[in-house]
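# Summary of structural features
Residues per chain are reported as follows:
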Amino acid sequence: MAFSMATAASSAAAASLRRLPAPASSSCSSRGGVRFPPALLLRPRSWRVVSSVSAALSKLSEAAPVPIPQEPAEALPGEDALPARPGVYGVFDPAGDLQFLGISRNVRASVEGHRRKVPADLCASVKVAVPEEEAPDKSVLTNAWKSWMEEYIAATGKAPPGNVAGNHTWVGAPPQRPADLRLTPGRHVQLTVPLEQLIDRLVKENKVVAFIKGSRSAPQCGFSQRVVGILEAHGVDFASVDILDEEHNHGLRETLKTYSNWPTFPQVFVGGELVGGCDIISSMAENGELAALFQK
């Protein structure tokens, strides 16, 4: 992962950030410390770095780490040190080495989750930076995280272990999507029942069925991708069928148009009845009708 380095203009902005001395008792390790990202300081007074003693610092390495109790039963530090607010954070092991850089809409909740799930020898302290705005734009948080990562990579030549692709210690692996359903074993196999009957059986045996262009994991059109995203966002268990799979769903595209009396795709069925395509599903999702339908 490579990011462009901060510009001279942003560095100048960083220099104008109000600077307070670091706590005298700071035990920050320069080896594990991460500099506060200058690229995100175009509005230098809009961010503050949080430590055990609150201070506005331009470098994260100048803030003292907030100790994290090893036992989940022990309370986390107060919200003045570990706020329940949007921000970016770095988690350090007992040796002071950075293990993970995170971004969260609730830093306190994220750290609590790490403490309960991650081995204790990886989660000993945390450094946090939060914007003064209560509800910052997502891009502000994303850019701040990128700048922290740039600073760390520039200093060490590598990403923190927990941010390396394939490491699921801190962020779980993405859920495996169910395979798409196939109506036939293959196009050269003689069907013993009409294809329309197979469609009818499929939509009635599954509560929600989405006939889409492409697979569920790789939709082949924007409308199908949107429908899959909406259904997954609602947490509904649905079956998907690739109408472009001519090997296992040969003839499905035209037969389904006749069965549903609907000329376009994707098509979503709920309880054996056609609900509609992308526009209808999107509209129902926006006004809450789709969630209500799934709860029936």
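Since the model is a prediction, treat every value here as computed from it, not as a measurement.

Criteria and cut-off values
Residues numbered from 1 in each chain as written. Predicted model: local features only at pLDDT ≥ 70, side-chain atom pairs only at ≥ 80, totals over all residues. Heavy atoms only, no water. Buried < 20%, exposed > 50% of the residue type's maximum accessible area, 1.4 Å probe, protein only. Helix = DSSP H or I, 4+ residues; strand = E, 2+ residues; numbered from the N terminus. Arc of directions from axis to C-beta. Contact = heavy atoms within 4.5 Å. Pairing = 2+ DSSP bridges. Axes fitted to C-alpha atoms, helices over the stretch in contact; angles between N-to-C directions. pLDDT = per-residue confidence, 0-100. Core = buried A, V, L, I, M, F, W, Y, C linked by side-chain atoms within 4.5 Å.

## Overview of helix α6 (residues 252-260)
- All of the buried residues along α6 are L252, L256 and S260. One face of α6 carries all of its buried residues, which in axial projection span an arc of 50 degrees.
- Tucked inside the fold, the buried residues of α6 contact α4 (195-205), β6 (208-212), β7 (239-242), β8 (267-270) and β9 (273-276).
- Once α6 finishes, N261 follows within two positions and takes phi at roughly 55 degrees, a positive value.

## Focus on the sheet that holds β8
- With mixed pairing, four strands are arranged side by side in an open sheet as β7-β6-β8-β9. A strand with exactly one partner marks an edge of an open sheet, and here the two such strands are β7 and β9. Each strand axis lies, on average, 25 degrees off the axis of its neighbour in the sheet, ignoring direction.
- Looking at chain direction, β6 and β7 are connected through four bridges and run parallel. For F211, the partnering residue across the bridge sits in β7 and is V241.
- Set on the sheet, α4 makes contact with β6, β7 and β8; between it and β6 the angle comes to about 135 degrees.

## Some thoughts on the environment of G229
- On the secondary structure map, G229 appears in helix α5 (residues 222-233).
- Between the alpha carbons of G229 and R216 there is a distance of 9.5 Å; along the sequence they are 13 residues apart.

## Examining the pairing of strand β5 (residues 125-131)
- A large share of β5 lies buried, amounting to seven of its seven residues.
- What you see with β5 is no split at all: S125, K127, A129 and P131 on one side and V126, V128 and V130 on the other are buried throughout.
- Both strand β3 (residues 87-92) and β5 contribute to a ladder of five bridges, which runs antiparallel. Bridge pairing in β5 links F92 to S125.

## Observations concerning the confidence of the model for the protein chain
- Per-residue pLDDT for the protein chain has a mean of 79; in total, 78% of the residues score no lower than 70.
- Low pLDDT, under 50, characterises residues 1-46; the stretch is placed with 98 contacts to residues that sit more than four places away or in other chains.
- Note that residues 51-58 has pLDDT below 50 and, in this model, 26 contacts with residues that lie over four places away or in other chains.

## Looking at the nonpolar core
- Counting 17 residues, the largest nonpolar core has V208, L231, F238, V268 and F294 as its most contacted members.
- Among the elements of the structure, β6, α5, β8, α7 (278-287) and α8 (289-294) are those that each provide at least two residues to this core.
- Here the element with the most residues in this core is α5; it accounts for four residues.

## Notes on helix α2 (residues 107-117)
- Every buried residue of α2 is listed here: V107, R108, S110, V111, E112, H114 and R115.
- Residues of α2 that are buried sit in contact with β3, β4 (98-104) and β5.

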